[in-house]
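# Topology and contacts: notes
Here's the letter readout for the chains.
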Amino acid sequence: MRKKIVAGNWKCNTNLKEGIALASEVEKLYTQSGVKDVLTIVSPPFVHLTEVAKVLKNVKLSAQNCAAEPKGAFTGEVSAEMVKSTGAEFCIIGHSERREYYGDTNSILAKKVKLAMANGLTPIFCIGEVLAERESGKLFDVIKTQLQDGIFFLSAEEFGKVIIAYEPVWAIGTGVVATPAQAQEMHKFIREQISLKYGKSVADSTSILYGGSCKASNAKELFANPDVDGGLIGGAALKAEEFLGIITAF
Ligand code: PGA
């Protein structure tokens, strides 16, 4: 079901105590705001999930990643089943930092998507082009391939549960935000690709989030676009008041 969504991706930030405090503050501000129609999600580091789950009621919980294997001799990995057992309901998969620094290819990501879904987690599947790909006009091909190889193996029914996040890599953590027109152009293209693959009704009911230097002061103009259903937020999710400013920007 297409929803307005704001998801905070804390990345490798906050120790356990700070993480619990931040989650508690987000929960408090969100609840006090009276906003009911924006699905609000926080994604702390793995080791915080269990404790953060205890302080959340109205705000939902996500992991930032999961293993590409179900279990076994994979030192340091955290499986989708483990994530689910903490109380998390969502899992970010395919963030550009995972793709760039940890070798998460489209085929590895497809395995992660499969395992997340099999364990009842909703994937927040990230796609996005780097600057050189945009400048050379390859951006639409890149996005198409990321969708086709990473997630379009799902059935229409399965895909109906997924959240897509368009995060142009050049906008992540740089302070350079996509213009509302650039975001809308790509979100529309993504929805068209979903429609070609799964049909219009699945495409119309998919939430497509924008990510990349989104903050309280620019969220309104981004979210005003017809195909932008919310945001995946990095830096601005680390301050509860700023994050609330994004949640209330629709
Ligand atoms: P940013 O990160 O908001 O700090 O640019 C977004 C993301 O990586 O999800």
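In this report, the structure presented in the accompanying data block is examined. (Residues numbered from 1 in each chain as written. Predicted model: local features only at pLDDT ≥ 70, side-chain atom pairs only at ≥ 80, totals over all residues. Heavy atoms only, no water.)

## Here's the deal with the site of the ligand
Around the ligand there are 13 residues in total, and Lys-11, His-95, Glu-167, Gly-173 and Ser-213 lie nearest to it. For the ligand, an oxygen atom lies 2.6 Å from a polar atom in the side chain of His-95. One nitrogen or oxygen atom from the main chain of Ser-213 is found 2.7 Å from an oxygen atom belonging to the ligand. Relative to its free-state accessible area of 280 Å², the ligand is covered by the protein chains to the extent of 94%. (Near = heavy atom within 4 Å. Polar contact = N/O pair within 3.5 Å; in protein donor to acceptor, adjacent residues only side chain to side chain. Areas by Shrake-Rupley, 256 points an atom, 1.4 Å probe, with all protein chains shown as cover.)

## Thoughts on the nonpolar core
One finds Phe-159, Ile-164, Ile-190 and Ile-194 to be the most contacted residues of the largest nonpolar core, which totals 68 residues. Not counting residues within four places of it along the chain, the set of residues in contact with Ile-190 comprises Ile-127, Ile-143, Leu-147, Ile-164, Tyr-166 and Ile-208. The next biggest cluster of nonpolar side chains, apart from the first, holds 12 residues, and it includes Phe-90, Ile-92, Ile-124 and Ala-165. (Core = buried A, V, L, I, M, F, W, Y, C linked by side-chain atoms within 4.5 Å. Buried < 20%, exposed > 50% of the residue type's maximum accessible area, 1.4 Å probe, protein only. Contact = heavy atoms within 4.5 Å.)

## A short note on unusual backbone geometry
A positive phi angle, close to 80°, is found at Thr-14, a residue other than glycine. Mapping Thr-14 onto the fold places it in the loop between β1 (4-9) and α1 (16-33). Take Thr-14: its relative accessible area is 24%, and that puts it in the partly exposed class. In this model, Ser-213 sits at a positive phi of 55°, which is unusual for a non-glycine residue. Examined against the element boundaries, Ser-213 turns out to sit in the loop between β7 (208-211) and α11 (216-223). A residue is classified by how much of its surface remains accessible, and Ser-213, at 17% relative accessible area, is buried. (Helix = DSSP H or I, 4+ residues; strand = E, 2+ residues; numbered from the N terminus.)

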